[in-house]
Amino acid sequence: MKSEPEDFSIEDLRTRKNQTEPWTGVRNYQARNYMRDGMKPGDLIFFYHSNITPPGIAGLAEVASEPFPDPTAFDPSSKYYDPKSGTHGTTWMCVDVKYVETFPRLLPLDEIRRIPGASAMALLRPGSRLSVQPVTAREFEHIMAWIRKYPEAPPSAKGPAPRPQALPARSFKAGPPKTKPLPTTRGKSQ
DNA sequence: GCCAACGTTGGC
DNA sequence: GCCAACGTTGGC
């Protein structure tokens, strides 16, 4: 999961009450689908810092709730307010995210490109902008083994980091919702 | 700050 | 349903 540390960093998460924060504000269908359909409590998350120099993985968090309707979608004062949300519900979902650990150093994107076993990560694809992305168990293990092995500095890199090509076609597209807005527990009890 | 790569919007 | 215009993301 990506966040601009200026907005919300892993240190912000660590110092939150219960070290937990609802991951609100996701307004992309594919990213929402990963949260809604692809996560369960206890799943580990790479906490990625974007839009800084250098960008990279800052540490680990974990999924700490089932998916639930994103409260900011109902809040007119929120920058994530979605006027299409209402008593019928909202299409936008979030999960609670809980702090696990901060890596001994930020693992930079450029270094991730060089990690054997990580080269197919969704994160490394050109134009990959999704704020919530899948990580395979294998990719996860390779990244973890790497940061454990090189907690202070990477081995000296030789040559430019490999740049994977964009996929010829997307594996699927999320598109606008074919489903109705999801029911919520707002208002009356269900 | 630039710009490529997307996703969304809305006219038709 | 097409597609141009527009807005956003995020590395560089």
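One structure accompanies this document, and this report is about it. Quick caveat: nothing in here was measured; it's all calculated off a predicted structure. (Residues numbered from 1 in each chain as written. Chains lettered and ligands numbered in written order. Predicted model: local features only at pLDDT ≥ 70, side-chain atom pairs only at ≥ 80, totals over all residues. Heavy atoms only, no water.)

### Some words on the overall build of chain A
Reasoning step 1: Counting its secondary structure elements, chain A contains 4 helices and 7 strands.
Reasoning step 2: For chain A, the sequential pattern of α-helices and β-strands runs β-α-β-α-β-β-β-β-β-α-α.
Reasoning step 3: Across the 190 residues in chain A, those meeting the buried criterion constitute 41%.
Reasoning step 4: Intrachain contacts of chain A at a sequence separation of at least 6 include 73% that bridge at least 24 residues.
Reasoning step 5: As displayed, chain A has an accessible area near 11300 Å², and 53% of this comes from carbon and sulfur atoms. (Helix = DSSP H or I, 4+ residues; strand = E, 2+ residues; numbered from the N terminus. Buried < 20%, exposed > 50% of the residue type's maximum accessible area, 1.4 Å probe, protein only. Contact = heavy atoms within 4.5 Å. Areas by Shrake-Rupley, 256 points an atom, 1.4 Å probe, with all protein chains shown as cover.)

### Considerations on the sheet that holds strand 4 (residues 56-63)
Reasoning step 1: Strands sit in the order 1-3-4-7-2 across an open sheet of 5 strands; the sheet is mixed. Each edge of the open sheet is held by one strand with a lone partner, namely strand 1 (2-3) and strand 2 (20-22).
Reasoning step 2: Contacting strand 3 (44-49), strand 4 and strand 7 (96-108), helix 4 (residues 137-149) runs over the sheet at an angle of about 55 degrees to strand 7. (Pairing = 2+ DSSP bridges. Axes fitted to C-alpha atoms, helices over the stretch in contact; angles between N-to-C directions.)

### A word on the packing of aromatic side chains
Reasoning step 1: A full pass over the atoms with the stated rule returns 6 aromatic pairs.
Reasoning step 2: Between F8 and F47 the ring centres are 6.4 Å apart and the planes differ by 35 degrees, which places this aromatic pair in the tilted class. Of this pair, F8 sits in the loop between strand 1 and helix 1 (10-15) while F47 sits in strand 3; the two residues are 39 residues apart in sequence, bridging distant segments of the chain.
Reasoning step 3: The class of F8 is buried, set by a relative accessible area of 11%.
Reasoning step 4: For F47, a relative accessible area of 1% translates into the label buried.
Reasoning step 5: Relative to F140, the ring of F46 lies with its centre 5.0 Å away and its plane at 25 degrees, an arrangement referred to as stacked. Here the residue F46 occupies a position in strand 3, and F140 occupies one in helix 4, the gap between them amounting to 94 residues. The burial state of F46 is the same as that of F140; both residues are buried. (Phe/Tyr/Trp six-rings, centres within 6.5 Å; stacked < 30°, edge-to-face > 60°.)

### Topic: the side chain of E111
Reasoning step 1: Summarising the element assignment, E111 is placed in helix 3 (residues 109-112).
Reasoning step 2: The contacts of E111, once residues within four sequence positions are left out, are R105, W146 and P154.

### Side note on unusual backbone geometry
Reasoning step 1: In this structure, the amide linkage connecting T53 to the following residue, P54, adopts the cis form with an omega of -10 degrees.
Reasoning step 2: Position of P54 among the secondary structure elements: in the loop between strand 3 and strand 4.
Reasoning step 3: Here the phi dihedral of Q19 falls at roughly 50 degrees; this positive angle occurs in a residue that is not glycine.
Reasoning step 4: Examined against the element boundaries, Q19 turns out to sit in the loop between helix 1 and strand 2.

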